[in-house]
Every structure is written in structure tokens, then in C-alpha cells.
Amino acid sequence: TDECVWAPPIGQETNSFYIHLRIQVFVIPHSHMDVGWVYTVQESMHAYASNVYSSVVEELSRVKSRKFIAVEQEFFRLWWVNVATDWHQKQVRQLLNEGRLEFIIGGQVMHDEAVTDVDDAILQLSEGHGFLYETFGVRPRFGWHVDPFGASATTPVLFALAGFDAHLISRIDYDLKDDMQKNKKLQFVWRGSPSLKEKQEIFTHTMDQFSYCTPSHLPFSNRSGFYWNGVALFPDPPKDGIYPNMSLPVTKETVELYAQTMVDNIKQRAQWFRTSHVLWPWGCDKQFFNASVQFMNMDVLMNYINTHSDKYGVAVQYATLQDYFQTVHQTNLSWDVRGNQDFLPYSTEPFQAWTGFYGSRNVLKGVARRASSLLYAAESLFTRYRISYPDGPVQREWALDKLKALRWAVSEVQHHDGITGTESPKVADMYMEHLMQGMMGAEELLAAIFLLPQTLEPSNDIHHTPQSRSTTHIFVYNPLAWNISTYINISVAYALAVVLDDDGKAVPAQIQQSMESSTVYDLFFVVELGGLQYRKYIVQFPQSHCDTGSACGATHVARVVKFTKKNVSQWKRTGRKLLPVLNECYKLMFDQETNLLHSITDRQMRVRVQQDFWEYEANGDVHSGPISDNYIFTANGSAIPAYKSVAMEIVAGKVVSEIRQYFYREEEDKNHTYSVVTRVPVGFEGGLACFRLEQSYKVGPLEMNRETVFRTSTSLKNNRTLFTDNNGYQMMKRTYKTFVNNTIARNYYPMVRAAYIQDDSSRVVFLGERAHGVASLSQGQLEVMLHRRLWNNQEWNLGYNLTLNDSSVVRPVLWMMLGSPSALSSIYQQEALELQHRPVVMPIDQPREFASRDIPVVVPQNLHMQTLSIPGWNYSPDHTQHLHSLNSGRPQKSEIDFDRILLRITHLYEEGEDPVLSQPTVINLKEVMRGIGEVTKVQERSLTGTWNISDLQRWSWKTNEKRIDFFSGTTQDFSVTIYPKEIRTFFIYFK
């Protein structure tokens, strides 16, 4: 039958007859507006995005039944501030009150889910939510992730923590979606975290095969389906309002044809869902720039269908996402539970595995994460400065503007065509420009904090150490709330240097010839810093030879030893010419017959390890087979070694030993194609630094249609099973799968912070400071895709300039660790964060004297201070008071609240991951923050800060599994218990 059948709630008797119901259709008008992709934000605002909001607000104001959902905030904010008239702004408030305009997700962008870091996903969500709540008092309740390329299990957890009642996804593997459709499994309750389980579960709706657009093919017309406004025109909107490809208007002649097409599509979709309610998204990319012609035609069509509802068996209405989800919720059905599996990787057909973008535009991925780390450091340092020196000379509004610019840029690039590397070159340039400008502003802020005195006292009380050519002042700030001991590296122009700490004591240091230039030297020195603490170091360059026993005896002058270049064709591999490089944790053996790594021994066992560069040769001709592009990786056969000879240099050091390997494409090449430098920290026994082997790569420019991987082959028996992280939040087990086609590409996964392989006795971990694609394609092997350069002749790619002809040189860093699974599971999360948030190093010409070293701020090693910032919101934390102030009719111009501090603390461990570190941990916030000031008030909030946690009540969805609810708040004395994998958010106030 064409009628949809009402399904009784599971387990309820219905006297064995079905009740036939009319299909209830929720037509959800929307426009998918990419913050980037093919056109820059500025081009999109001019060509169509401004017109979307202006015309939608005008059309909703005309007819009471019309509705619209607004998704990404960046375009809306630009429109609200720069374009909207007073009338538009008044109407927006009215439409929100009536529930006819609804903000969905509410983040600055619709963030990518594969290569974004959890901290940046939270940032961009908080940016959008803060604006919406401050401006309108609204708090989004629903997800709408219709376009990210695959779905992470972290996103539903974040959305639950932000107070969402339901989530929506679309792009999942084509064969899996097909199966879910057939079995009516597109809707489920998702428990994205194995530790948080039902506590942060969320109802999830998967879009069917038509995704977020309406069918574009109409049997009676060759135009663009239900898009009567046609296709957006760049660079300028047409003066006459006539756009390309405008659909035939709904008239007496066409209305029945349109109605039948729409009803057929509704009924096809209805059979894939358990209830008689159909979500029918009406919109697509860049739609509703002329909302008048859109609604004018759809009004007539929907009226016609409803008038003939008995004939068609459907009833249609304009709806928001809340209307749809509320109706489904009220059916009170029991839903299947999905555990913490994600939907990665994502394929659209057998030869279209969307795993290429994990490695596309490696430079942009690196800059985006570096900007995020700089923001993290600048936020906490400014917070600390502001509380310690409320009347200090660093002007607070100026400082906040600098932070806001970088927050905006870091949020913007999280867009699913941003950090993914799937945008056109001019859009990549736009992201880079915004990030670089934001970083310059943050560096100006840091410099001002270090440079200006803490108080404006008479000038004779301020002492400047004169900066001569033979002295450099270096400020080093540790942005993590842990005490750290590590080394930093700066480039200097002299062959000898002495480093003194702020007590005037000589610091262990090492100087050596740089591999980049014969006139530059690398100076390494040891830094020891408390949590959120900065120290000043003075680097002196002695003009003459060093006296024995003087301070410069603390600096080791390291020599570079060069080894003969070895051609692969002449390798002997007898294993008899092995050269050890040692520290207190590892013994690395290098084979002088190959110039490659041979093995690594930790305290207990030896693992055979070889590391080298390989390349996949991509096909660029669509007529001769499947291609690789920005998005897609299609391995045209197995990878091949990318070199024919290897040269090696070793620098034995007292702070760090360095192994430099150079890989040459051809034996006779004078210049190497690839290099890797492995740094082995020395003298850090018992510290975290001892366990990390830092590897810096230099890759590129590549030859055309090459995809380069760094392959680590070991003696581990991992059965090609790989573990990779979901957005740096949780680890996922990746079992090797065999497919009829495209097996290599479909076994690639994103690595944001960490990936590892292991067997019963050993684990090899890689940690990254930017995202990469990773795979384990053979026993004991882990490969990381470091760079891609591609060109193809597919018309669509050429038309939009999306061919990824990336001729850059990339310099990513990975930290490698080796040991028993239990030993490494207790440290790798902390190591990953120490890589992400390495100390900030700033040379300052004339620093101020500072009276005493700040007291460190330290949390236990299983917790991480994820955020410490002054958000600068001006809303009252009391919801009723805030709404009253908004509804009083006076526009809110109240002062920025510089006293409200946003604090997030996360538990790094899963339940059962470590016998000690996986335990719930009690901390006293007053005690922890004592190094900054005296805490007087703490209020727990939702993830993005907009809800008081005690007011937040999310919808409960019935499942086939039992629920256990537990909640722990903050006690009177500011103690809080943090359970495995919780992310807890607070507003805190200081005396």
C-alpha cells in the first residue's frame, strides 16, 4: 500500500490490526551556506548570503505559516552587524519569539568531524552560542550536520553537553545507509562515549539517500527541481532578478505535476522510517537568496496538496526542526541504542572513499592548529594578568579585541570545507590570512604583557636590562596546568651561547650547526616551568673563547657526524654495522648499511623498526579510471618507495641527540626530496620528555599526482588493527576490512592527536600537532599520509578549481613512543597535549622586571584544564534576568563582563583504561586556582556556557536499554568530582 502504516511502540499489543495514518510532512526551509569552499566569505556575502537573510525575514513577516531554519552563524552575524536594518532586527526578534525562525546548531560554522580537534569544535560552538544567547536569549537545541564527510562519535557527546535534545547527520557510507534505510534503522539513540554512556546520549536522525536537498530532477522540466529562485550567480546578483535555471512557476498547468512529484518523493522516504512523520528538507546549497519567489510557489503547491490530502494520503506543513523532533518524541516509541562507533571513513560509491581530505592542505591544517594553541596560551595568560593586575597598563578592551579576532579565525577554519583542505586556493588563502592576522594580534598581546610594567609607577622604579647584540631575553610560558620539564629550540647567529634562568643560574644547553643553513645555529636548552607559569631566560653570546669552569661550561657544543650516502641498489642488510643512539628510556639502533632505523629497545624489549617514505601514484584522467582529489583518495595500486638512496648525519648531544636522514629520489640527485630529523631527549630520566622521540619531516614540493606517506614497519603482531582518535577526545579501534574494490583507501582513518598499533607486549604510538590520514595495511605497519599534490581533468573539479595542485613544502612534527600498552596508556594523553601546547617562546627586547615568579596552577595528571578565558559576554548568568533585560525594549549595550572567567576541566581517561588514572577525581577549584587569585563564586554551566547546569533538562528518549543517571555538582567549598571523560564547564569569579 502507498499509505504509511503507524508502528505501535515496541512491546505494546495492538489487537493485531494496524491503524492507517496520513503521512505528516514537515517541510523545513533552509539554505546550506558554506563558510568558504569555492568562494570567499566576502564573495558569498555579496553574491547571495546577505540576500538570504534579508529576503527570508521579509517573507516570513508577510505570511504567518512560513518558517525557516538558520544554521551557520558566521554569515548571519555579518548580516546582523553590517546589513540588517532596524526593521529587520526587530522582525528577527519577533520571528524567534513566534518559533518561526529557528537557529540550528548555532556554531559559527558547521564544523568538520574528521580532522577537527575537540577543543576547536567546542570553541566554534561557544562562539556562536555566546552571540545568540547574548543577542536573543535563545539556546539552540538541535544538531544539523548534513554535510561533514562522515560522522564522529565525539560530536553527539559535545551536542549533548551543550544541551541539545536531538542530532541530525547525513553523510555516512553508501552501503551502510542503504542497509539502514531498508531496515528502518536511520533513527537511533547514540551513546557516543563509552564512559559517559546514557548520561550524554542523544537521539540521532540520519538523512535518507536524498540528503539535505530536494530532488533536483523533475520529469516534466529540465530545471532545478523545487528551487524557483534558480542558482546563485557570482560575482554579482543579476540586476533584473532573473537567475540561471529558475524552475517553472507553479501554475494551473504545472501544479498537479509538481504535487505528484513531491508526494512520490515523500512516500518513498516515508517507507524508510518507523513513524508516519517525514522530514522533507526544502533547500540546498546557496538557496533562498530570493525567498519571495520560493515561498510564493511553495505556498500554492502545499495548499494544493493539502486540499487534495485524501487523494494523496499526505498532509504538508512548513516546519522547524523542533516541530519535527517534538512530534517524533511524542510518539513515545522505543529506539535502538548505538554505542560509541562512529561513521568514518565515508564512501559515496566503491571507488569514492572520502579519506584523501585527511591529508589535504597539510600546511593549512598545521597553521589552524598552531593558531588554536596560540589562542589557548594567550587566553590563559591574559586571564591571569587581568586578575593579578586589574589596573595594569595592558588595556583590557584592546586585549579582548585581539583574542576575539583569533577566536573568529580559528572558529571559521573548522568549517567542513576549511581545515579539511577541500576548498579552492583563494579560499585557503582567505583562511590563512585570517589566521595569520589573528596570530599576529595574539602575539602583540603576549608581548605587551611581558613588555609593559605591571603597574604604572614612576619611571625610576622600572629597571630595564639593556639589550645588547650579545644578549637576548627569552620569555617562555607554559600554557598547561601541569608542571613540565622539556627543552626548547631557538635559532641563533653565533656558534657559542650561555643560557641563564631568572635566578642567574646557568641552564643545561646545547648548540650545533643548523641543517637549514651554514650561518645559523640551533640552540637547545632545558626549561622547567610550573602550570600556567612563565619564566625569563637570558641568552648571552660570549665574544671570546670559554673559560673552563665558567657558566658556558653548561652549554655543550655538539658536532655533526656525517655518514656515507647509501644507494638502495647496494644495500647488504647483514645487520652487523649497527650504531646505537641512547637516552635514559630508549636505545635506537641505526643500520650503517642502509642509513635507516633498525630497531628500538625500551627498558624491557627490542622491537624491529624501519621508517621510510613511500608514494602513491594517483590517476588524474577520469577517462582512464578512478581519480584522487581534494576529498577522495583512490590508490592506483600499492605505494612504492619514494627514494633510491639515503644519507645520514648524527649529532650526539647532552640535551638532545639528533639523527638527520635525507632521502633522494634518484641515486645521482644532489638535493634530497624528503628528510626526517629524529630528536632523542637526553637527561630527562623519570620525566615525560624521556619517552618521546620527536620526528620533524620536510616533504615537498611533490611531483604531480603523488601522495606521500611516512611508513613505520615493526615486528609487532597487530593483525593490521589500528587505533586512532576521534577529534583528540577518545580512541577508536579500527579493524582492517577487505573490500572488492578500493581496500587501501577505505582502510584510511583520520588521526587528529594520536594513533597507535599494538600487540600483547608492545605498543607504538604516534602523536601529531596537526591532522593526518593513517592506516595499517600490513602486519606491524603504520603509515601516515603527510602530503598530497593532485591534478585531474574532471569537469566539476576544474570548474571550481578544486584539483589540489599543492606545490608547498610541508614540515609536520610527530612524536613517537614505544613501550608496553599499560605503560603508554598512562602517559600518551598527557604527551599529546604537551605536543599540542608546547611552551610559548617569545624574544623580548626590553622586558619589564617582574617581582616574583607566579605560583603554579596545577591539576592532577588525569585532568586537563581545557579552557581558561575571559569570554567577554555581557549577559546575566541568570536566565530570567537576562530575558527581562532583552525584553525591556532597550537594546543591550551593557558593559563587557571582565570578571566572569570561563573554566573547562576534562577527564582524559576512559573508564577502566588505567587502574589509577581512570578513577573519578576530586579537585577543589578554590585550591587549584589559588595561584591566580581567591575564588569567591563558582557556577556550573553547560558546555558552551549558556545554561546554568541545574536548569538544563534535556528530552529523555525511550530505549531498549536501561538508563542510569548520575550527576555531581559543585560543593559549598568548591570541590568537584570529575568522572572519566567528563568535560565540566564553570563560570568562576575571583575576589
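Note that the structure is a prediction, hence the values are computed from the model and not measured.

A. Structural detail: the UniProt feature "domain: Glycoside hydrolase family 38 central" (unreviewed entry) in the protein chain. Look at the UniProt record and you will see "domain: Glycoside hydrolase family 38 central" (unreviewed entry) annotated at residues 352-435. In this annotation, residues 352-435 is assigned 65% helix and 2% strand; the end-to-end C-alpha distance for the span is 31 Å.

B. Highlighting the packing of aromatic side chains. Applying the stated rule across the entire model yields 70 aromatic pairs. Residues Phe131 and Phe136 carry aromatic rings whose centres are separated by 6.2 Å and whose planes lie at 85 degrees to one another, so their mutual orientation is edge-to-face. Here Phe131 falls in the buried class, since its relative accessible area comes to 11%. Where Tyr243 meets Phe289, the ring centres are 4.4 Å apart and the plane angle is 45 degrees; that geometry is what we call tilted. With a gap of 46 residues between them, Tyr243 in the loop between strand S8 (202-206) and helix H7 (255-270) and Phe289 in the loop between strand S9 (277-282) and helix H8 (291-307) connect regions that are remote in the sequence. The structure contains a cluster of three or more aromatic residues connected by ring pairs, namely Phe68, Phe220, Phe226, Trp228, Tyr258, Trp280, Trp282, Phe288, Phe295 and Tyr318.

C. Summary view of the packing of helix H11 (residues 362-388) against helix H13 (residues 425-451). Relative orientation of the contacting elements H11 and H13 amounts to 30 degrees, with a least axis distance of 9 Å. Viewed along their axes, H11 and H13 adopt a mutual orientation that is roughly parallel. In this structure, H11 meets H13 at a crossing whose hand is left-handed. Listed contacts from H13 to Val363, Leu364, Val367, Ala368, Arg370, Ala371, Leu374, Ala378, Leu381, Phe382 and Tyr385 of H11 are Tyr431, Met432, Leu435, Met436, Met439, Ala442, Glu443, Leu445, Leu446, Ile449 and Phe450. Along the lines of polarity and charge, the residues of the contact of H11 with H13 split into 20 nonpolar, no polar and 2 charged.

D. Representation of the sheet that holds S9. With parallel pairing, 3 strands are arranged side by side in an open sheet as S9-S3-S10. The sheet terminates laterally at S9 and strand S10 (314-318), the two strands that pair on one side only. On average, adjacent strands in this sheet sit at an angle of 25 degrees to one another, irrespective of strand direction. Packed onto the sheet, H7 meets strand S3 (23-29), S9 and S10 and runs at close to 125 degrees relative to S9.

E. Inspection of the side chain of Thr921 at higher detail. Assignment of secondary structure puts Thr921 in strand S43 (residues 921-924). Side-chain polar atoms of Thr921 contact the backbone oxygen of Gln919, separated by 3.2 Å. In contact with Thr921, other than residues within four places in its own chain, are Pro860, Asn862, Leu863, His907, Val976, Thr977 and Ile978.

F. Structural detail: the packing of H7 against H8. H8 packs onto H7 with a crossing angle of 75 degrees between their chain directions and a minimal axis gap of 10 Å. Judged by the inter-axis angle, H7 sits roughly perpendicular to H8. Side by side, H7 and H8 meet where Val255, Glu256, Tyr258, Ala259, Met262 and Val263 of the first sit next to Met298, Leu301, Tyr304 and Ile305 of the second. In terms of residue class, the contact of H7 with H8 is built from 9 nonpolar, no polar and 1 charged.

G. Structural detail: the sheet that holds strand S19 (residues 534-540). The antiparallel open sheet is built from 4 strands, whose spatial order is S16-S19-S14-S40. Among the strands making up the open sheet, the edge pair consists of strand S16 (498-500) and strand S40 (840-843). Between one strand axis and the next, the sheet turns by 25 degrees as a mean value, whatever way the strands run. Note that S16 and S19 share 3 bridges and pair antiparallel. Among the inter-strand pairings, Leu500 is bridged to a residue of S19, identified as Ile538. Sheet strands touched by H13: strand S14 (471-477), S19 and S40. Its angle to S40, the strand with the most contacts, is close to 65 degrees.

H. Representation of the state of the cysteines within the structure. Taken as a whole and judged by the stated rule, the model has 2 disulfides. The disulfide bridge from Cys213 ends at Cys284, spanning 2.0 Å between sulfur atoms. The sign of the 65 degrees torsion about the S-S bond sets the Cys213-Cys284 disulfide as right-handed. Note that Cys213 is positioned in the loop between S8 and H7 and Cys284 in the loop between S9 and H8, a separation of 71 residues in sequence. Classification of Cys213 as buried rests on a relative accessible area of 15%. The disulfide partner of Cys585 is Cys690, and the gap between their sulfur atoms is 2.0 Å. Between Cys585 and Cys690, the disulfide has an S-S torsion of 130 degrees and is therefore right-handed. One end of the pair, Cys585, is in the loop between strand S22 (578-582) and strand S23 (587-591); the other, Cys690, is in the loop between strand S29 (674-681) and strand S30 (693-699), with 105 residues separating them in the sequence. The exposure class assigned to Cys585 is buried, which follows from its relative accessible area of 5%.

I. Inspection of unusual backbone geometry at higher detail. Note the cis peptide between Leu344 and Pro345, where omega equals -5 degrees. Of note, Pro345 is situated in the loop between strand S11 (337-338) and strand S12 (347-349). Look at the link from Gly700 to Pro701: it is a cis peptide, with omega at -5 degrees. Along the polypeptide, Pro701 turns up in the loop between S30 and strand S31 (706-714). Its identity is not glycine, yet Arg720 carries a phi of approximately 60 degrees, on the positive side. Its identity is not glycine, yet Leu804 carries a phi of approximately 60 degrees, on the positive side. According to the relative accessible area criterion, Leu804 is buried, its value standing at 2%.

J. Main features of the pattern of salt bridges. Enumeration according to the criterion identifies 54 salt bridges in this entry. A salt bridge links Asp299 to Arg66; its shortest N-O distance comes to 2.5 Å. Of the two residues, Asp299 sits in helix H8 while Arg66 sits in the loop between helix H1 (41-62) and strand S4 (68-70), which places them 233 residues apart along the sequence. The residues Asp299 and Arg66 share a single accessibility class, namely buried.

K. Local environment of H7. An ideal rise of 1.5 Å per residue puts 22 Å on 16 residues; H7 measures up with 22 Å between its terminal C-alpha atoms. Listed as buried for H7 are Val255, Tyr258, Ala259, Thr261, Met262, Val263, Asn265, Ile266, Lys267, Arg269 and Ala270.

L. Structural view of a nonpolar patch on the surface. On the surface, Met704, Trp791 and Leu798 cluster together into a nonpolar patch covering about 260 Å² of accessible area. Mapped onto the elements, Trp791 comes out in the loop between strand S38 (781-789) and helix H15 (795-800).

M. Expanded view of helix H5 (residues 154-161). The buried fraction of H5 is high, at 8 of 8 residues. The complete set of buried residues in H5 reads Thr154, Thr155, Pro156, Val157, Leu158, Phe159, Ala160 and Leu161. Within two residues after H5, Gly163 carries a phi angle of roughly 100 degrees, on the positive side.

N. The pairing of strand S27 (residues 645-651), seen in detail. Among the 7 residues in S27, 7 count as buried, and that is most of the element. Here S27 shows two buried faces, one formed by Ser645, Ala647, Glu649 and Val651 and the other by Val646, Met648 and Ile650. Summarising the sheet, S27 and strand S28 (residues 656-664) pair through 7 bridges and their orientation is antiparallel. Bridge pairing in S28 places Val651 opposite Glu658. Taking the residues between adjacent antiparallel strands as the criterion, S27 and S28 are bridged by 4 residues.

O. Geometry of the side chain of Asp119. Locating Asp119 in the fold gives a position in helix H4 (residues 118-136). Asp119 sits in the buried class, given a relative accessible area of 16%. Within polar-contact distance, the side chain of Asp119 engages the side chain of Gln866 at 2.8 Å. Excluding residues within four positions of it along the chain, Asp119 makes contact with Arg753, His837, His864 and Gln866.

P. View of the environment of Asn265. Locating Asn265 in the fold gives a position in helix H7. Sequence separation between Asn265 and Pro215 is 50 residues, and the spatial gap between their C-alpha atoms is 7.9 Å. Contacts of Asn265, omitting those with residues within four sequence positions, involve Phe210, Pro215 and Trp280.

How each quantity is defined
Residues numbered from 1 in each chain as written. Predicted model: local features only at pLDDT ≥ 70, side-chain atom pairs only at ≥ 80, totals over all residues. Heavy atoms only, no water. UniProt positions renumbered as here; feature names shortened; annotations may be inferred. Helix = DSSP H or I, 4+ residues; strand = E, 2+ residues; numbered from the N terminus. Phe/Tyr/Trp six-rings, centres within 6.5 Å; stacked < 30°, edge-to-face > 60°. Buried < 20%, exposed > 50% of the residue type's maximum accessible area, 1.4 Å probe, protein only. Axes fitted to C-alpha atoms, helices over the stretch in contact; angles between N-to-C directions. Parallel < 35°, antiparallel > 145°, perpendicular 65-115°, else oblique. Left-handed = near helix turned anticlockwise from the far one by under 90°. Contact = heavy atoms within 4.5 Å. Nonpolar A, V, L, I, M, F, W, Y, C, P; charged D, E, K, R; others polar. Pairing = 2+ DSSP bridges. Polar contact = N/O pair within 3.5 Å; in protein donor to acceptor, adjacent residues only side chain to side chain. Disulfide = S-S within 2.5 Å. Salt bridge = Lys/Arg side-chain N within 4 Å of Asp/Glu carboxyl O. Expected span 1.5 Å × (residues − 1). Patch = residues over 30% accessible without salt bridge, like charges linked within 9 Å, V, L, I, M, F, W, Y side chains within 5 Å. Areas by Shrake-Rupley, 256 points an atom, 1.4 Å probe, with all protein chains shown as cover.

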